[in-house]
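This is what each chain is made of:
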Amino acid sequence: MTDKELIKKVHNGSSEALGMIADRYYDEVYRFCLYLTGQETDSYDITQEVFLRFIKYVDSYEYRNLKGYLLIIARNLCRDYFHHNKDWCSMEEALCPGTEDPHLGTLEDRMVLHQALQKLPVSQREIVILRIYEELKFHEIAAMLGCNLSTAKSRFRLGIRNLRKNLTLTEETDYEK
């Protein structure tokens, strides 16, 4: 069943369709929140809040890009999280061995990548995550973030360049030890 069909069912009062939407997009929204916040428990909470807000405002939602819409809600909630939360857990708590991600390898690899991602400005980090991990097209990212296409591409290029620089610095630091 397509997203558009699910939304029509939701507008007609189907709670089953809401469950299907949550099943379809929960993991992707969670992963996006985890990459932005770096906090496993907080990312679960934010993801739950994404779907609660979606349910609350579903009657005003007109179908365009459901995944993008959910990720916009997640992005806004993550920004609120950064604004209100100054005490973050350690990196080891955020990336415990139980969190397997098909995009990444070992715990050490995930920690290194997470540290490098966290050093990026939020505007670059969001676009890198949306493009690489969520596999969105640049025009979808630009529409989600409210910027033009060339800005999205430029931020992505800068983000990748800075990510490479951060990873290179990490490797050089490791070799010096």
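Everything discussed here concerns the structure shown above.
Starting from 1, residues in each chain are numbered consecutively following that chain's sequence as written. Where totals are concerned, whole chains, interfaces and linings use all residues; where local detail is concerned, this predicted model gives features only for residues with pLDDT of at least 70, and gives and counts side-chain atom pairs only at 80 or more. By convention in this description, side-chain values take in all heavy atoms of the structure and omit both hydrogens and water.

**Some words on the overall build of the protein**
What counts here: Under the DSSP-based scheme used, a helix requires at least four consecutive residues in state H or I and a strand at least two consecutive residues in state E, with every element numbered from the N terminus. Under the scheme applied here, a residue whose accessible area is under 20% of the maximum for its type counts as buried, over 50% as exposed, and between as partly exposed, the area being computed with a 1.4 Å probe on protein chains only. Note on contacts: a residue pair qualifies if any of its non-hydrogen atoms lie within 4.5 Å across the two residues.
For the protein, the count of helices and strands is nine helices and zero strands. Reading the secondary structure of the protein in the N-to-C direction produces α-α-α-α-α-α-α-α-α. Here the protein, with 177 residues, has 44% of them falling under the buried criterion. Partitioning the contacts of the protein with sequence separation of at least 6, the portion at a separation of at least 24 is 59%.

**Looking at unusual backbone geometry**
Despite not being glycine, E135 shows a phi value in the positive range, around 55 degrees. Among the structural elements, E135 can be located in the loop between α7 (122-133) and α8 (138-145). We classify E135 as exposed; its relative accessible area is 58%.

**So, the side chain of N162**
Condition: We call two N or O atoms a polar contact when they sit within 3.5 Å, provided that within protein one can donate a hydrogen and the other can accept it, with sequence-adjacent residues counted only if both atoms are side-chain atoms.
Relative to the helices and strands, N162 resides in helix α9 (residues 149-176). Looking at N162, its side chain comes within polar contact range of the side chain of Q124, at 2.9 Å. Residues in contact with N162, not counting those within four places in the same chain, are L120 and Q124.

**Points about the packing of helix α2 (residues 15-37) against helix α3 (residues 40-57)**
What counts here: For helices, the fitted line uses only the C-alpha atoms of the stretch in contact; every axis is such a line through C-alpha atoms, and the angle between N-to-C directions lies from 0 to 180 degrees. Reported orientations rely on four angle classes, namely roughly parallel under 35 degrees, roughly antiparallel over 145, roughly perpendicular from 65 to 115, and oblique for the rest. Handedness of a crossing follows from how the near helix is turned relative to the far one, being left-handed for an anticlockwise turn of less than a right angle and right-handed for a clockwise one. Residues are grouped as follows: Ala, Val, Leu, Ile, Met, Phe, Trp, Tyr, Cys and Pro are nonpolar; Asp, Glu, Lys and Arg are charged; all remaining types, including Gly, are polar.
The N-to-C vectors of α2 and α3 enclose an angle of 140 degrees; their axes lie 8 Å apart at closest approach. One finds that α2 runs oblique with respect to α3. Seen from above, α2 lies across α3 with right-handed handedness. For the pair formed by α2 and α3, the contact residues are L18, I21, A22, Y25, Y26, V29, Y30, C33, L34 and T37 on the first element and E40, S43, Y44, I46, T47, Q48, V50, F51, F54 and I55 on the second. Of the residues belonging to the contact of α2 with α3, the class tally is 15 nonpolar, four polar and one charged.

**Some thoughts on the packing of helix α1 (residues 3-11) against α2**
Describing two packed helices takes the angle between their axes plus the distance from one axis to the other. Two elements in contact, α1 and α2, have axes whose closest approach is 8 Å; the angle formed by their N-to-C orientations is 145 degrees. Once α1 is placed against α2, the crossing between them reads as left-handed. Seen from α1, the contacting residues are D3, L6, I7, K9 and V10; seen from α2, they are A17, L18, M20, I21, R24 and Y25.

**Topic: the pattern of salt bridges**
As a reminder of what qualifies: Here, a salt bridge means any side-chain nitrogen of Lys or Arg that lies within 4 Å of a carboxyl oxygen of Asp or Glu.
On inspection of all chains with the given rule, the structure shows seven salt bridges. Here E126 and R75 are joined by a salt bridge, their closest N and O atoms 3.0 Å apart. In this pair, E126 is assigned in helix α7 and R75 in helix α4 (residues 66-84), connecting sequence segments 51 residues apart. Using a relative accessible area of 10% as the deciding quantity, one classes R75 as buried.

**Brief notes about the nonpolar core**
Note the following rule: Only buried residues count toward a nonpolar core, which is a set of Ala, Val, Leu, Ile, Met, Phe, Trp, Tyr and Cys residues joined through side-chain atoms within 4.5 Å.
Core analysis: the largest hydrophobic core is formed by 47 residues, its most contacted members being I21, V50, F54 and L70. When residues of this core are traced back to their parent elements, those giving at least two are α1, α2, α3, α4, α6 (107-118), α7, α8 and α9. Setting aside residues no more than four positions away along its own chain, F54 makes contact with I7, L18, I21, Y61, L66, Y69, L70 and I73.

**Quick word on α3**
Under the convention used in this document: Helix span, as expected, comes to 1.5 Å for every residue beyond the first. Regarding the arc, it is the one traced by the directions from the helix axis to the C-beta atoms.
Its 18 residues place the ends of α3 26 Å apart at the C-alpha level, agreeing with the 26 Å of an ideal helix rising 1.5 Å per residue. Buried within α3 we find E40, S43, I46, T47, V50, F51 and F54. The arc that holds the buried residues of α3, viewed along the axis, is 135 degrees, so those residues lie on one side. Along α3, exposed side chains directed more than 90 degrees from the buried face belong to T41, L52 and K56.

**A look at the packing of aromatic side chains**
Selection rule: Each Phe, Tyr or Trp ring, with Trp reduced to its six-membered ring, pairs with another whose centre is within 6.5 Å; inter-plane angles below 30 degrees give stacked pairs, above 60 give edge-to-face pairs, and intermediate values give tilted ones.
Evaluation of the coordinates by the stated rule reveals six aromatic pairs. When the ring of Y30 is compared with that of Y44, the centres are 4.3 Å apart and the planes differ by 20 degrees; the resulting orientation is stacked. With Y30 in helix α2 and Y44 in helix α3, this residue pair connects regions lying 14 residues apart in the sequence. When the centroid spacing of 4.5 Å and the interplanar angle of 45 degrees are considered together, the rings of Y61 and Y69 count as tilted.

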